[in-house]
Each structure stands twice: as structure tokens, then as C-alpha cells.
Amino acid sequence: MIARPSDCVLVTVTGKDQPGITSRLTGLLAEAGAELLDVEQVVVHGRLTLCLLVRLPEARGVLKELLFAARELGVELDFQVMDPPASEPEATGPQRYVVTAVGRALGARELHAVAARLAEHGANIERITRLTETHLGSVEIHITLPRAQASDALKRSLLELSMQATSFDVALQRESLFRRSKRMVVMDMDSTLITIEVIDELARAHGVGEQVAKITERAMHGEMDYDESLRQRVALLAGLDVAVLRRIAANLPLTEGAETLIRVLKRLGFRTAVISGGFSVAAEALKARLGIDHAYSNVLEEQDGKLTGRTVGPIVNARRKAELLESLAQSEGILLDQVIAVGDGANDLLMLERAGLGIAFRAKPRLREAADTSISASGLDAILHLLGLTGRELQEVR
């Protein structure tokens, strides 16, 4: 097809990358008075792909000049006459989302599995960006969906894929200002920020491990509420030497990626908090160890160097966790849409629902299905990729 003045033309440039290519070609367009409507450029392993959507000027000859310049630069240039870009209102146009895949290593099989799910739900892939540096461990896929309602079905499909694959996680987020402007991360402690349940460790040290485990199991099956289960379990700890609690709190095993996550978040100016149904001695130890800004948890009553088997103050249950998250965001002047909440248990659900992004971390299927997204195959530092941070940016922060 012959390009005529006032036509929209997509100019595609491919070849070995080198400095000056974009400068030379856009210079010719500027001199000719061509109108630049869109531009996209990417370099993969030294190979350049540059796309320029332009409206041709009345003066002829600019395409010929571009072809001569491309030959001198050692790159290939092709052009195609296009329809003018449509200007659909955001409310009626395609809805934009970001799919983030994170794993130990992503290959053709993993990317095909994700792409196939996207295709099944009518998602159009607009851009794929590699986030990790040394290996292909995370990619960000920008997509459009024909309607917002399709996102729920796609989310369920991607969650199902993650649960089947087990080697990588896939998260779906609406592309918006708030995705890129999170300001606070709130985390559960037991089995989230640390790999253990502190109450189980205390119970074993006191010789009541089996009794505590039976109460926990009854609560999980809905035979008693969280508050009553906590009271009964804590009562079994009566008489335990406080020194045991402090020794466990001083040697808490951190979850993979926890230190990296907190360190990067702090350097980026995020506020961080632990809101836990666990115990304050452990939460305060983590706060001091990692430099976390806030810690809220249950307080075990002590008397004469022993635990009394009671707690002091309100129990940090599911409702209390959600209330604390809201109160903390308000006191910090942060919108709930700018908060990330991370947890693993049923008592984290309300907290995850209140946050702008609720993440189920190595959680049971029920919580994973209810949360905005989940992480099971990776460490806590995978959250940094959900924020869109690349490996190069993380190296700068570190």
C-alpha cells in the first residue's frame, strides 16, 4: 500500500542496537513536520525493536529518507498504513490490568500456561517486561480485558493455575495510580513473617503441645471461636518461666525474603507494621530486629517471672486486626488503597479485605481464594515484584 500525506503509518525498526538510532530517525520526522502519535521501544539481548506511529506531513519523501537512514544505520525498517488511533473514553474502553508471574525460574512452559489462561478469558497482551536481572524469575504482563467483570473469572483461573503449578505464583492487579503508590505494608507474624507458631513452641516447651494442638484443630473446624480458643490455649501455659518466652522471641526464624522485604521497604520510605494474634514479646523482638515501625499483638500476663495463663487487654482477633489496620493508616495519613496486608490464616481475612492489596502468603486454599492475590512458591520479597520493582532497581536500593 502506498502511503499518502495525512495517512497514519506504523514505522517498525529492527536490528542490532547502538546509540543514535532513535535520535536519527525522530530527527528526520521532526524536520519533515510529521506528527508522532505513539512510540514503543525495547531492546532484548542487544536487538532493538522500535515502533513509531506517525501521521505523514503534506510534504512527501520522509519515508524514503527514513529508509536511507536505516540502511546507513544497519537496521531494517518497515512501514504499514494504519487506521487513526481511536480515542475511547476510559469508562467504556478496555480495562487495563497487570499480571505478575514470580518463580524460581520461568520458562516457556510457565509463560505458555499463563498466556493460555489469558487467551481463554479474552485478555490481550500489550507488553511483557522482565523484572529480574540474572535469570528469568519474574515478568510483568500488561493486558487489557474487554470488561471489568472479566477480571474476577481471570483471577480465579490464575489462582487455580498457581495452585496446580506450585513452582510459581501469578498475581492480577488493576493497573492504576494506587498500584504504583503503595505506602504501607502490614503483616501477620506467625507463619507469615516468621516460619513458626510461637504458641506451639511455648506449648511444647511446657509439655502441653498435644493439648494446645487439639484446641487449635477444634477452632479450625469451627467448633469454637478464635477468642475462646486463644483463652484456652494460653491457660495451658500457666506457670511457664518467662525466660523460655524471651529465649524463643530472641531466636525467631524469619521467613525467606523477610529481611530483604523490610530493608527495601524502609529505604523506599514505606511504613511497616506487624498486626498479629501472636504475642507481644515476639512481635516487639521482631520490631527491634528488623526496624519495623509498629507492632500490635496479644500481651501475655506475667507474675513472679511466670506466665499466669491469661492475656492483658483486648484480644487481637480478626476484627481487631482490621480495626488496627484502619486506625494505623489513618494516623499515618495513608489511604487504605495504599496499604498492602499480608497474612496466612482465616483471622487475617478481614485485614486483607480492608487493604488496597490483600496477599495470602502460603495460606490455605480458602484464604487464597478470598484474597486479592497469593504467594506460595516464593518468599516474602516477591511482594517487591508485585509493586513493579525490577531487579536493577532492587540492586540500587540494596
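For clarity, every value in this text was computed on a predicted model and none was experimentally measured. (Residues numbered from 1 in each chain as written. Predicted model: local features only at pLDDT ≥ 70, side-chain atom pairs only at ≥ 80, totals over all residues. Heavy atoms only, no water.)

### A short note on the sheet that holds strand β5 (residues 95-103)
What the four strands build is an open sheet, ordered β6-β7-β5-β8; its pairing is antiparallel. Two strands bound the open sheet, and with one partner strand each, they are β6 (124-130) and β8 (168-174). Here the average twist between neighbouring strands, direction ignored, is 20°. Where β5 meets β8, seven bridges bridge the pair, whose relative direction is antiparallel. When the sheet's bridge partners are listed, Tyr 97 is paired in β8 with Arg 174. Relative to the sheet, helix α3 (residues 108-120) contacts β5, β6, β7 (138-145) and β8, its axis offset from that of β7 by approximately 15°. Set on the sheet, helix α4 (residues 150-165) makes contact with β5, β7 and β8; between it and β8 the angle comes to about 165°. (Pairing = 2+ DSSP bridges. Helix = DSSP H or I, 4+ residues; strand = E, 2+ residues; numbered from the N terminus. Axes fitted to C-alpha atoms, helices over the stretch in contact; angles between N-to-C directions. Contact = heavy atoms within 4.5 Å.)

### Topic: helix α1 (residues 21-32)
A rise of 1.5 Å per residue sets the reference length of α1, with its 12 residues, at 16 Å; its end C-alpha atoms lie 17 Å apart and thus fit the reference within 8%. Taken residue by residue, α1 has Ile 21, Leu 25, Leu 28 and Leu 29 as its buried positions. Along the axis of α1, the buried positions cluster into a sector of 95°, meaning they face one direction only. Opposite the buried face of α1, at more than 90 degrees from it, the exposed residues are Ser 23, Ala 30 and Glu 31. Residues of α1 that are buried sit in contact with β1 (8-16), β3 (47-55), α2 (62-73) and β4 (75-82). Downstream of α1 by one or two residues, Gly 33 has phi in the positive range, about 80°. (Expected span 1.5 Å × (residues − 1). Buried < 20%, exposed > 50% of the residue type's maximum accessible area, 1.4 Å probe, protein only. Arc of directions from axis to C-beta.)

### Regarding the nonpolar core
Across soluble globular proteins, nonpolar side chains have a tendency to be buried as a group. Residues Leu 193, Leu 202 and Val 342 are the most contacted members of the largest nonpolar core, which totals 57 residues. With residues near it in sequence (within four places) discarded, Leu 193 still touches Met 187, Asp 188, Leu 254, Thr 255, Ala 258, Val 274, Leu 286, Leu 290, Ile 292 and Leu 380. Grouped together as the second largest cluster of nonpolar side chains are 21 residues, Val 11, Leu 28, Leu 29 and Leu 77 included. (Core = buried A, V, L, I, M, F, W, Y, C linked by side-chain atoms within 4.5 Å.)

### What about the UniProt feature "active site" (unreviewed entry) in the protein chain?
Per the UniProt record, "active site" (unreviewed entry) is annotated on Asp 188 and Asp 190. Note on Asp 188: relative accessible area 5%, which makes it buried. Other than its neighbours up to four places away in sequence, Asp 188 contacts Leu 193, Ile 275, Ser 276, Gly 277, Lys 321, Val 342, Gly 343, Asp 344, Asp 348 and Met 351. Within the local environment of Asp 188, its side chain forms a polar contact with the side chain of Thr 192, the two groups lying 3.3 Å apart. Along the chain, Asp 190 turns up in the loop between β9 (184-187) and α5 (198-205). In this view, Asp 190 contacts Ile 196, Glu 197, Val 198, Ser 276, Gly 278 and Asp 344; residues no more than four positions away in its chain are not counted. (UniProt positions renumbered as here; feature names shortened; annotations may be inferred. Polar contact = N/O pair within 3.5 Å; in protein donor to acceptor, adjacent residues only side chain to side chain.)

### Details of the sheet that holds strand β13 (residues 339-343)
Strand order in the open sheet made by the seven strands is β12-β11-β10-β9-β13-β14-β15, with mixed pairing throughout. Where the open sheet ends on each side, the last strands, each with one partner, are β12 (306-312) and β15 (373-375). With direction set aside, neighbouring strand axes in the sheet form an average angle of 25°. Where strand β11 (residues 294-303) and β12 come together, four bridges link them in antiparallel fashion.

### Observations regarding the pattern of salt bridges
Tallied over the entire structure, the rule returns 21 salt bridges. Ionic pairing is found between Lys 321 and Asp 188, a salt bridge with its closest N-O pair at 3.0 Å. Remark: Asp 188 occurs in the loop between β9 and α5 and Lys 321 occurs in helix α11 (residues 318-332); sequence separation between them is 133 residues. A relative accessible area of 0% places Lys 321 in the buried class. As a salt-bridge pair, Glu 302 and Arg 246 come within 3.1 Å of each other at their nearest N and O atoms. Taken together, the residues Glu 302 in strand β11 and Arg 246 in helix α8 (residues 242-250) connect sequence positions 56 residues apart. (Salt bridge = Lys/Arg side-chain N within 4 Å of Asp/Glu carboxyl O.)

### A look at the domain arrangement of the protein chain
Partitioning the protein chain into domains gives domain 1 (8-82), domain 2 (95-175) and domain 3 (184-397). The distance between the C-alpha centroids of domain 1 and domain 2 comes to 31 Å. (Domains from an automatic or database assignment.)

### Remarks on the packing of helix α6 (residues 209-220) against helix α7 (residues 226-235)
When two helices pack together, their arrangement is given by the angle between their axes and by how far apart the axes lie. Interhelical geometry of α6 versus α7 gives an angle of 180° and a closest axis separation of 9 Å. Comparing their axes, α7 and α6 come out roughly antiparallel. From α6, Val 212, Ile 215, Thr 216 and Ala 219 reach across to α7, where they touch Ser 229, Gln 232 and Arg 233. Broken down by class, the residue content of the contact of α6 with α7 amounts to three nonpolar, three polar and one charged. (Parallel < 35°, antiparallel > 145°, perpendicular 65-115°, else oblique. Nonpolar A, V, L, I, M, F, W, Y, C, P; charged D, E, K, R; others polar.)

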